[in-house]
Structures are given as C-alpha cells and as structure tokens.
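Inside the fold
Listed here are the chains, written in short residue letters.
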Amino acid sequence: MKILDGKKTSNQIKEEIKAEVSAMKARGERVPHLAAVLVGNDGASLTYVGSKVRSCEYVGFDSTLIRLEEDITEQALLEKIEALNADSSLDGYIVQLPLPKHIDEEKILLAIDPKKDVDGFHPANFGRMALELDAFIPATPFGIMQLLERYEVPTSGKHCVVVGRSHIVGRPISILMSQKGPAGNATVTVAHSRTENLAALTRQADIVVMALGIPEYLTADMVKEGAAIIDVGITRVPDENHPKGYVIKGDVAYEEVAQKSSFITPVPGGVGPMTIAMLLKNTLLARQWNQA
Ligand code: NDP
C-alpha cells in the first residue's frame, strides 16, 4: 500500500512554481498577481484566505487581499468585480465563499471574467474543461489528477467509481478521469444519494473517489483488494479528547480500508493540501495564457 502524500506533493508543486517565477523575474517579466476578495469576518474564511496569500508570497507572486464589509450591497460587490476584471495588473482573482446571505453567489461568480477565474467555477471554464480545451480546473479535482499522475496510479482502462456529483468535486473529477490523457482514460461511474446498492458498485471499482462528506462511510467490506482510494471528505467530528474539541475525518474508514488498498490518500494530508498549490498553478497559467 502506498500513501498518496498530498503535503509532500503540494510542496513539490510550490517549489516548481517558485522556480518558474524566479525564471520569469530573471527574464525581466512581471510575476503573476493573484487577488483574493473576502467579504465579512468569518473566521474559517479568514484562515483560508490568509494561507492562500502567504502561499503566494512564498512562491514569489504578487498578492492583494481585498477585504470588504459584511454589509456591502450586491451592486457594490459587482462593481468591485468589474474593476478587478478591468485591472490589467491582475492575472487572476478569487472570491472567497460563502458570501453573506443577502448576496447572490451565482450572480457574483458569473460576473467574474473567465480569463481571471482561477477557481475555475465559471461555466465557461467548466464547459472548456469538459471539451478538453485550455481551462482553469477547480483546485480540488485538479489536485486529485496531479496526485494520480505523479504517483503513477493506473487509471487507463480501469473502473473508477466517484461517489458525489457536486459541481466543484464529484462532477468535474468524473469528467477529467474519463478524458484522454494522464490520469484519464478510466471508465467512470458517478454515484450519489439516489444510487442503489452503492457497495456493489464500489466493490467492482479499481479506483474509488469519495466526495460526499459523511465521515468514514467507505468501509473495508465495500472495496476490493488492491483498489486505489481517493478520500476528498473533510468533516469536523466533535472529540473532547482533542485540544481543538474536534478531529478531521475523511469519508473513508482509513485504518481498515488502507489494509486492502494499493494507494490511498490520508485525511488530513491527502487531497486537502493540494488545493492551494493548484490555485497557484492556475494563477501561473493565467499569467502565461494572458500573455500569449
Ligand atoms: P456536496 O454536499 O456538494 O455533495 C455531496 C455529494 O455526495 C452529493 O452529490 C450527494 O448526492 C452525495 N451523497 C450524499 N450522501 C450520499 C450517500 N449516502 N451515498 C452516496 N452519495 C451521497 O459536497 P462537496 O462535493 O462540496 O464536498 C464533499 C466533501 O468533500 C465534503 O466533506 C467537503 O468538506 C469535502 N471537500 C474537500 C475539499 C478538499 O480540499 N479536500 C474541497 C471541497 C470539498 P446528491 O447529489 O444526490 O445530493
């Protein structure tokens, strides 16, 4: 059994990006510039955005954090988005979700210029991805594809069962793994809450991607010997014995499933750490594509 180490792999990707940025500087080129828009004071969002900005600094990108008041109107936020779209010094930007309830998230995401949409949430990027054109791929599925590729997990001709069909994880990873190319060419089945007899499906799978958000849902009796297991789930489970009062659990009963698997991602330390690295990668791509 091999552990797909997301921490190590994401650090490698950051080093590769850092080297690329140094080379850009040496050629006298402008370095990539990412902005993050944060509305309000949500603690978790502040932490996420903070680590994204720090990662930008680490690899040598320019970064700008734009903090807006919780009570900003939808119209004022849309105007801010327009200004960011027009700002030629900016290669890409993200709007940290969730937004306050009085703002229509979909309206905001649709207003982002797809060429600067480094989160890859705009339908134009989703469509381009599905058509195998250059596109910003959402960070989580992009990170999974990198783990599969770099650890040479066999996917071609293999049966992959993806559990979950969300727009940011399940659906895009099912599309990517069925496409031609590295970490692709799999025969993909997408399962969801209406799927009947899920265990019968996962038991047939060479690769199982769990993205549903129910802790330790996939147990050893649900997988075949030698399967590769990707665990996307992140759930805080209350735990009095832990100083934080909770532990992070994935969708896989790790200890028992690991014993039967050929490859497995731990939680934490698997898919999670890959997401910021892939956001940086998308920003670098934005810089390169917008230059071309
Ligand atoms: P969503 O809640 O948007 O989607 C969950 C999916 O799981 C839905 O398609 C749902 O089906 C399906 N589902 C729910 N219950 C069952 C069940 N009993 N059997 C089969 N399918 C079921 O979640 P996300 O995709 O946003 O996230 C999934 C998990 O991944 C969460 O734990 C989240 O925290 C984590 N996550 C981790 C990231 C990372 O960086 N590692 C990034 C993003 C998410 P239906 O469509 O029918 O409702």
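Residues numbered from 1 in each chain as written. Predicted model: local features only at pLDDT ≥ 70, side-chain atom pairs only at ≥ 80, totals over all residues. Heavy atoms only, no water.

Attention now moves to the overall build of the protein. The number of helices and strands found in the protein is 10 helices and 11 strands. Over its C-alpha trace the protein gives a radius of gyration of 19 Å, about what one expects of a compact globule, namely 19 Å for 292 residues. The buried share of the protein, taken over its 292 residues, is 49%. When contacts within the protein are restricted to residue pairs at least 6 apart in sequence, long-range pairs at least 24 apart make up 70% of them. For the protein, the accessible surface area stands at approximately 14000 Å², while carbon and sulfur atoms represent 51% of it. (Helix = DSSP H or I, 4+ residues; strand = E, 2+ residues; numbered from the N terminus. Rg over C-alpha atoms; globule rule 2.2 N^0.38 Å. Buried < 20%, exposed > 50% of the residue type's maximum accessible area, 1.4 Å probe, protein only. Contact = heavy atoms within 4.5 Å. Areas by Shrake-Rupley, 256 points an atom, 1.4 Å probe, with all protein chains shown as cover.)

Per the stated rule, a full pass over the model turns up seven salt bridges. Linking E74 and K107 is a salt bridge whose minimum nitrogen-to-oxygen distance equals 2.9 Å. Taken together, the positions of E74 in helix α3 (residues 74-86) and K107 in helix α4 (residues 105-111) put the pair 33 residues apart, joining distant regions of the chain. In this structure E74 comes out as buried when scored by relative accessible area, which is 18%. On the accessibility criterion, K107 (43% relative accessible area) is partly exposed. With its nearest N and O atoms 3.4 Å apart, the salt bridge here joins E216 to K249. (Salt bridge = Lys/Arg side-chain N within 4 Å of Asp/Glu carboxyl O.)

By a widespread convention, an interface's size corresponds to the accessible area lost as its parts come together. As far as domains go, the protein holds domain 1 (28-113) and domain 2 (139-272). Its C-alpha centre places domain 1 at a distance of 30 Å from the equivalent point of domain 2. (Domains from an automatic or database assignment.)

Between two aromatic rings, the relevant description is the distance of the centres plus the angle of the planes. Scanning all chains against the criterion turns up one aromatic pair. Relative to W289, the ring of F136 has its centre 5.2 Å away and its plane inclined at 40 degrees; by these criteria the two rings are tilted. You can see F136 sitting in the loop between α5 (123-130) and α6 (139-150) and its partner W289 sitting in helix α10 (residues 274-291), a full 153 residues away along the chain. The residue whose ring lies beneath K18 is Y58, and the NZ or CZ to ring-centre distance is 4.1 Å. (Phe/Tyr/Trp six-rings, centres within 6.5 Å; stacked < 30°, edge-to-face > 60°. Lys NZ or Arg CZ within 6 Å of the ring centre and 35° of its normal.)

This brings us to the packing of helix α1 (residues 6-26) against α6. In helix packing, the relevant descriptors are the interaxial angle and the interaxial distance, both defined with respect to the helix axes. At a minimum axis distance of 11 Å, the contact between α1 and α6 shows a crossing angle of 95 degrees. Between α1 and α6, the crossing angle belongs to the class labelled roughly perpendicular. The residues of α6 that touch α1, namely those facing G6, T9, Q12, I13 and E16, are Q146, L147 and R150. In terms of residue class, the contact of α1 with α6 is built from two nonpolar, four polar and two charged. (Axes fitted to C-alpha atoms, helices over the stretch in contact; angles between N-to-C directions. Parallel < 35°, antiparallel > 145°, perpendicular 65-115°, else oblique. Nonpolar A, V, L, I, M, F, W, Y, C, P; charged D, E, K, R; others polar.)

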